[in-house]
Amino acid sequence: SEQLNRFAGFGIGLASLFTENVLAHPCIVLRRQCQVNYHARNYHLTPFTIVNIMYSINKTQGPRALWKGMGSTFIVQGITLGTEGIISEFTPLPRELSHKWNLKQIGGHLLLKGLTHVIAMPFYSASLIETVQSEIIRDNPGILDCVKEGIGRVVGMGVPHSKRLLPLMVLTFPTALHGVLHYVISSIVQKLVLFVLKRANAHNLPTESSTSVQSMLDAYFPELIASFAASLCADVMLYPLETVLHRLHIQGTRTIIDNTDLGYEVLPINTQYEGMRDCINTIKREEGMLGFYKGFGAVIVQYTLHVAVLQLTKIIYSTLLQNVS
């Protein structure tokens, strides 16, 4: 029974990670393409139009077009985790907060998160380009192209860029701001949801026949649900800032994206934002407040898919454990 519970926990966690990083990747690709497409007349605020454009792109370019840049997103995650570990090892900045935290510890912890995002920033830019670049015109990228182009961006060599390319110093503040705010919001929501779920579970005492099933669900699902709710809230609340961030990162990189109005043809990115404030004012003036939410339907599809997989996994393991017991 104990081995089965461990297997169940591993399987549930694996299903959640697979959904978050693999199944949801087409939603991330479409969401980013919509965010940087200032030409677009269709904002794709609902899941129905997003699914339709996914189908069109898949039909004209094949399934690879929806999973492009997935390897580079894993590399950026690895660089972020590695950087955070190295900085915390050689500086007094805490990687984790103790139960008896104080304002100095919180400040150091958030500074660590901000520095990590700044160091990973050029690789994030390279990964972003891979996910939005149209499959029609790009060559087959290598697994480590993201690292090579990120280093090239820092030293000013490699892929040719236009004069409109923003210096990394201009991108530092919005990148660090988005990364730290995303972490703060998701951490608060996660702890709040976990507290509510554990309190609710304390009142629901399981019967003898359902003890093993209930204990498994109580052990693994609150964490997953809290993590899911945290990511959802942070993504929704920071979506306008993410749109601005992605447009600043992509400017001047000579990137060609898919036409998200039609699902075929390609469009160049020729924005001329001077910085974060100018980008916000330009989007507000030329595209309206809903311009900050272009591609939001992809977020709805992404998290709906995640809920469905979590629910399916829960049903499978509940049935399995009940049959065994």
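Residues numbered from 1 in each chain as written. Predicted model: local features only at pLDDT ≥ 70, side-chain atom pairs only at ≥ 80, totals over all residues. Heavy atoms only, no water.

Under an unreviewed UniProt entry, the protein has the name Solute carrier family 25 member 46 and belongs to Struthio camelus australis. The UniProt entry for the protein carries this comment under Subcellular location (unreviewed entry): "Mitochondrion outer membrane". In UniProt, the protein has this text filed under Sequence similarities (unreviewed entry): "Belongs to the mitochondrial carrier (TC 2.A.29) family." (UniProt positions renumbered as here; feature names shortened; annotations may be inferred.)

**Q** Got a minute to help me understand the environment of Leu-171 in this structure?
**A** Checked against the element boundaries, Leu-171 lands in helix 7 (residues 168–203). Excluding residues that lie within four positions of it along the chain, Leu-171 makes contacts with Met-121, Arg-153, Leu-166, Leu-248 and His-249. (Helix = DSSP H or I, 4+ residues; strand = E, 2+ residues; numbered from the N terminus. Contact = heavy atoms within 4.5 Å.)

**Q** So what exactly am I meant to see when it comes to the nonpolar core here?
**A** Soluble globular proteins tend to pack their nonpolar side chains together in the buried interior. One finds Leu-171, Val-189, Val-244, Leu-248, Cys-279 and Ile-283 to be the most contacted residues of the largest nonpolar core, which totals 21 residues. Contributing elements (two or more residues each) for this core: helix 7, helix 8 (211–237), helix 9 (239–250) and helix 10 (276–287). Tallying contributions element by element places helix 7 first for this core, with six residues. The contacts of Val-189, once residues within four sequence positions are left out, are Ala-229, Ala-230 and Cys-233. Judged by nonpolar contacts, the second largest core, of 12 residues, contains Leu-30, Cys-34, Ile-53 and Ala-298. (Core = buried A, V, L, I, M, F, W, Y, C linked by side-chain atoms within 4.5 Å. Buried < 20%, exposed > 50% of the residue type's maximum accessible area, 1.4 Å probe, protein only.)

**Q** I would appreciate a short explanation of unusual backbone geometry in the present structure.
**A** Peptide bonds are trans in most cases, and residues, glycine excluded, mostly fall at negative phi. Even without being glycine, His-44 reaches a positive phi, approximately 55°. Mapped onto the secondary structure, His-44 falls in the loop between helix 2 (25–36) and helix 3 (47–61). Although it is not a glycine, Glu-265 adopts a positive phi angle of roughly 70°. Within the secondary structure, Glu-265 is located in the loop between strand 1 (256–258) and strand 2 (266–268).

**Q** I would appreciate a short explanation of the packing of helix 2 against helix 9 in the present structure.
**A** Think of two packed helices as two axes; the pair is described by the angle between the axes and how far apart they sit. Helix 9 packs onto helix 2 with a crossing angle of 75° between their chain directions and a minimal axis gap of 9 Å. What the angle tells us is that helix 2 and helix 9 run roughly perpendicular. For the pair helix 2 and helix 9, contact is made by Arg-31, Arg-32, Gln-35 and Val-36 and by Tyr-239, Glu-242, Thr-243, His-246, Arg-247 and Ile-250, respectively. Of the residues contributing to the contact of helix 2 with helix 9, the split by class is three nonpolar, three polar and four charged. (Axes fitted to C-alpha atoms, helices over the stretch in contact; angles between N-to-C directions. Parallel < 35°, antiparallel > 145°, perpendicular 65-115°, else oblique. Nonpolar A, V, L, I, M, F, W, Y, C, P; charged D, E, K, R; others polar.)

**Q** Before we go on, may I ask you to explain the environment of Thr-80 in this structure?
**A** Looking at the secondary structure, you find Thr-80 in helix 4 (residues 70–90). By relative accessible area, Thr-80 is classed as buried at 19%. Spatially, the C-alpha atom of Thr-80 lies 9.9 Å from that of Leu-115, the residues being 35 residues apart in sequence. Once you skip the residues sitting within four places of it in the chain, Thr-80 turns out to touch Thr-116 and Ala-120.

**Q** Please clarify how the packing of aromatic side chains should be interpreted in this entry.
**A** In this structure the tally under the stated criterion is four aromatic pairs. Aromatic side chains Tyr-239 and Phe-296 sit 5.4 Å apart centroid to centroid with 85° between the ring planes, which places their arrangement in the edge-to-face category. Remark: Phe-296 occurs in helix 11 (residues 296–324) and Tyr-239 occurs in helix 9; sequence separation between them is 57 residues. The pair formed by Tyr-239 and Phe-296 is uniform in burial state, with each residue classed as buried. Their ring planes at 80° and their centres at 6.0 Å tell us that Tyr-293 and Phe-296 sit as a pair that is edge-to-face. Judged by its relative accessible area of 30%, Tyr-293 is partly exposed. (Phe/Tyr/Trp six-rings, centres within 6.5 Å; stacked < 30°, edge-to-face > 60°.)

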